[in-house]
Amino acid sequence: MKFYFLMYQIVFLLFLGVFAACPRASAQQTYQPSWPSLEKHNEVPEWMRDAKFGIYCHWGVYAVPAYNNEHYIQHMHNDSPDYSKLGTYKRHLALYGPLEKFDYHDFIPMFKGEHFNADEWADLFMKGGARFAGPVAEHHDGFAMWDSDLTPFNSKNMGPKRDVVGELEKSIRQRGMKFFTSLHHELNYTNVKMKPGWAGSDPKYAKLYGSTMKKEEWDQMWMDKCNELIDKYHPDVIYHDAWLEQVPEKNLQTYLAHYFNEAGKRKQDVIVTYKGEDIPAGVGMEDHENSNPKNIIDKPWLCDYSIGTGLSYSWGYTEGMEIRPAKEIIHTLIEVVSKNGQMLLNLSPKADGTFPDDQKDVVYKVGRWMWSFGEAIYDTRPFSVFGETTAANQKVYYTKKGKTLYAIFLDWPGDNVAIKLKKLTSQSLNGKVTNVNLLGLKNLVKCQNTLTADGLKITVPAKTRVPSDIAYVFKIETE
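Residues numbered from 1 in each chain as written. Predicted model: local features only at pLDDT ≥ 70, side-chain atom pairs only at ≥ 80, totals over all residues. Heavy atoms only, no water.

### A closer look at the overall build of the chain
(1) Moving on: The helix and strand tally for the chain stands at 13 helices and 19 strands.
(2) Moving on: Summarising its shape, the C-alpha atoms of the chain cover approximately 90 × 75 × 40 Å along the three principal directions.
(3) Moving on: A burial count over the chain gives 55% of its 479 residues as buried.
(4) Moving on: Residue pairs in contact within the chain that sit at least 24 positions apart in sequence constitute 72% of those at least 6 positions apart.
(5) Moving on: Taken as a whole, the chain presents about 21300 Å² of accessible surface, with 52% of it coming from carbon and sulfur.
(6) Moving on: Once the 56 positive and 59 negative side-chain charges of the chain are each reduced to a mean point, those two points are 7 Å apart. (Helix = DSSP H or I, 4+ residues; strand = E, 2+ residues; numbered from the N terminus. Buried < 20%, exposed > 50% of the residue type's maximum accessible area, 1.4 Å probe, protein only. Contact = heavy atoms within 4.5 Å. Areas by Shrake-Rupley, 256 points an atom, 1.4 Å probe, with all protein chains shown as cover. Lys, Arg positive; Asp, Glu negative; His and termini not counted. Charge placed at Lys NZ, Arg CZ, Asp CG, Glu CD.)

### Details of the sheet that holds strand β17 (residues 448–452)
(1) Moving on: Read across the sheet, three strands follow the order β14-β18-β17 without closing on themselves; strand pairing throughout is antiparallel. The open sheet terminates on both sides in strands that have one partner only, identified here as β14 (417–421) and β17. When the angles between neighbouring strand axes are averaged without regard to direction, this sheet yields 15°.
(2) Moving on: Relative to strand β18 (residues 455–460), β14 runs antiparallel, the two sharing five bridges. By the bridge assignment for β18, L421 is matched with L456. (Pairing = 2+ DSSP bridges. Axes fitted to C-alpha atoms, helices over the stretch in contact; angles between N-to-C directions.)

### Regarding helix α10 (residues 215–233)
(1) Moving on: Taking 1.5 Å as the rise per residue, α10 with 19 residues should run 27 Å; its terminal C-alpha atoms sit 27 Å apart, in good agreement.
(2) Moving on: Those residues of α10 that sit buried are W218, D219, M221, W222, M223, K225, C226, N227, E228, L229, I230 and Y233.
(3) Moving on: Phi turns positive one or two residues past the end of α10, at H234, with a value near 50°. (Expected span 1.5 Å × (residues − 1).)

### Considering the packing of helix α6 (residues 118–127) against helix α7 (residues 164–174)
(1) Moving on: Contact geometry of α6 with α7 gives a least axis separation of 9 Å together with a crossing angle of 45°. Here α7 runs oblique to α6, going by the angle between their axes. Crossing of α6 over α7 shows right-handed handedness. Between α6 and α7, the residues in contact are A118, D119, W121, A122 and F125 and E167, L168, S171, I172 and Q174, respectively. (Parallel < 35°, antiparallel > 145°, perpendicular 65-115°, else oblique. Left-handed = near helix turned anticlockwise from the far one by under 90°.)

### What about unusual backbone geometry?
(1) Moving on: Phi at K52 takes a positive value of approximately 70°, unusual for a residue other than glycine.
(2) Moving on: Summarising the element assignment, K52 is placed in the loop between α3 (46–51) and β1 (53–57).
(3) Moving on: By relative accessible area, which is 0% here, K52 ends up buried.

### Here we look at the sheet that holds strand β11 (residues 381–389)
(1) Moving on: Overall, antiparallel pairing links the six strands, which are arranged β11-β12-β13-β19-β15-β16 in an open sheet. Of all strands in the sheet, those bounded by a partner on one side alone are β11 and β16 (445–446).
(2) Moving on: Across six bridges, the pairing between strand β13 (residues 404–409) and strand β19 (residues 472–478) is antiparallel. In the sheet register, Y406 faces β19, and the bridge partner there is K475.
(3) Moving on: Strands in contact with helix α12 (residues 326–338) are β11, β12 (395–401) and β13; relative to β12, the strand with the most contacts, it is inclined by about 55°.

### As for the packing of α12 against helix α13 (residues 357–373)
(1) Moving on: In contact at an axis separation of 9 Å, α12 and α13 are set at 45° when each is read in the N-to-C sense. What the angle tells us is that α12 and α13 run oblique. Considering how the two elements wind past one another, α12 and α13 form a crossing that is right-handed. Facing α12, whose interface residues are A326, I329, I330, L333 and I334, α13 presents V362, K365, V366, W369 and M370.
(2) Moving on: The class makeup of the residues in the contact of α12 with α13 is nine nonpolar, no polar and one charged. (Nonpolar A, V, L, I, M, F, W, Y, C, P; charged D, E, K, R; others polar.)

### A short note on α6
(1) Moving on: Of all the residues in α6, the buried ones are A118, W121, A122, L124 and F125. All buried residues of α6 fall inside an arc of 155° around its axis, so they share one side.
(2) Moving on: The backbone nitrogen of D119 lies 3.0 Å from a side-chain oxygen of the residue at the head of α6, namely N117. (Arc of directions from axis to C-beta. Polar contact = N/O pair within 3.5 Å; in protein donor to acceptor, adjacent residues only side chain to side chain.)

### Considerations on the confidence of the model for the chain
(1) Moving on: Averaged over the chain, the pLDDT score is 93; the fraction of residues at 70 or greater is 94%.
(2) Moving on: A low-confidence stretch, residues 1–26 stays under pLDDT 50, and its non-local contacts, those more than four residues away or across chains, total one contact. (pLDDT = per-residue confidence, 0-100.)

### Topic: the nonpolar core
(1) Moving on: Counting residues in each nonpolar core, the largest one holds 126 residues, and the members touching the most others are F125, Y255, L256, L347 and W369.
(2) Moving on: The biggest single contributor to this core is α10, with eight residues.
(3) Moving on: Sequence-distant contacts of L347, defined by excluding residues within four places in its chain, comprise I55, Y56, C57, H58, L124, F125, I307, W315, F355, Q359 and V363.
(4) Moving on: Ranked by size, the runner-up nonpolar core spans 21 residues in total, among them F409, V433, L456 and V460. (Core = buried A, V, L, I, M, F, W, Y, C linked by side-chain atoms within 4.5 Å.)

### Looking at the packing of aromatic side chains
(1) Moving on: Following the criterion strictly, the structure yields 29 aromatic pairs and no others.
(2) Moving on: Between F102 and F107, the aromatic rings sit 5.0 Å apart at their centres with planes inclined by 75°, giving edge-to-face as the arrangement. Like F107, F102 is buried.
(3) Moving on: Within the aromatic cluster, the residues linked to one another by ring pairs are W47, Y56, F132, F180, Y239, Y313 and W315.
(4) Moving on: A cation over a ring is seen here: K215 above Y189, with NZ or CZ 5.5 Å from the ring centre. (Phe/Tyr/Trp six-rings, centres within 6.5 Å; stacked < 30°, edge-to-face > 60°. Lys NZ or Arg CZ within 6 Å of the ring centre and 35° of its normal.)

Laid out in structure tokens, this is it:
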């Protein structure tokens, strides 16, 4: 009997040893609030590299005055005689009265969002070709666009009396897109220099304007809001504007550890973005606002552009705002993707929750190109070079997917013409070209081609129907 008991113990101990030696692939990584620990997180998962294009919206109380830009709260309080910024302070006084009587919080009851429809927003994003989308959750003005338990100044309690973030999260996910949201409230504490006597100096508005709070209380609220957004809506991407240096480093680290750990529990690959040196490069995805690098960057990156343009450039809706044409947006996206980037387009809804027709028309045109020729954008990776300019001074950008290369022309090269792409040589393509086709309106247009050490010569057939008025894609298949 003792012999069998001894054998049982030996087998049991051997089992424990083998079990302990086996790698536990399913074990969840636990992140600590320190940069070395947070750097173990995969800052740019493959889904983002495949998605390429997203849409978000600056929608908040600033859409009510609809003047200057989304920083209206800051400019309306700047009464310095040496500062103008489109005369916002003087205009505010003329239209609404002195700040002692009418401050930013007085716009909140006017921010009704009576026509806001999350399904209609999500449909627009999808028709535009976006694969991730969402709203600005909170801008510098301190007004939360979700059902917050941390501040009374939120869209569920005031204004539209809707959980904007929550409704959009459901509608966007139902359509198969990843859920994006952004936080800009790190600037809230220093955004407005409140003067005694102004209506906003009343302590009951402290959580809106921020600057009248004790700094340590504001710091805690900043972190708690980030965590509340994570716990309630589980965003796939949290985008941060600049100025994260205004947040205590430990609070920032604690929030990021919470984000990554909560995502791990759901087996969710999440992303946090940053600008400049706000977060170490190994922790988040760098965002290049309104700019594209000159060359390919090895580490995948993000950039964001607003649909608004012109001299009075704005991310939020303003009356009379100028709009970028669809062609400019697609050309920018093509360049971004060729350099290992992902692009985020911002839209600017009106205070009632609707999109102006000119913005919708642009999104529809962008979407038409993306649904037609998006195979040259989605799921691609950069080629060895991002592009070139032909002898005819035509700009061409390259993307690749496996053994398929896409040459995207920004201008129509013409039919019955021969084009030489000097960057595409027998050496750079590492083999033989089997087919070159122009993506067309109905069928692929087969193009004669010759590959040499000096480049790839492509001949566009005569009487080829122009497939687009935005950009033109040649699909080059290799062995």
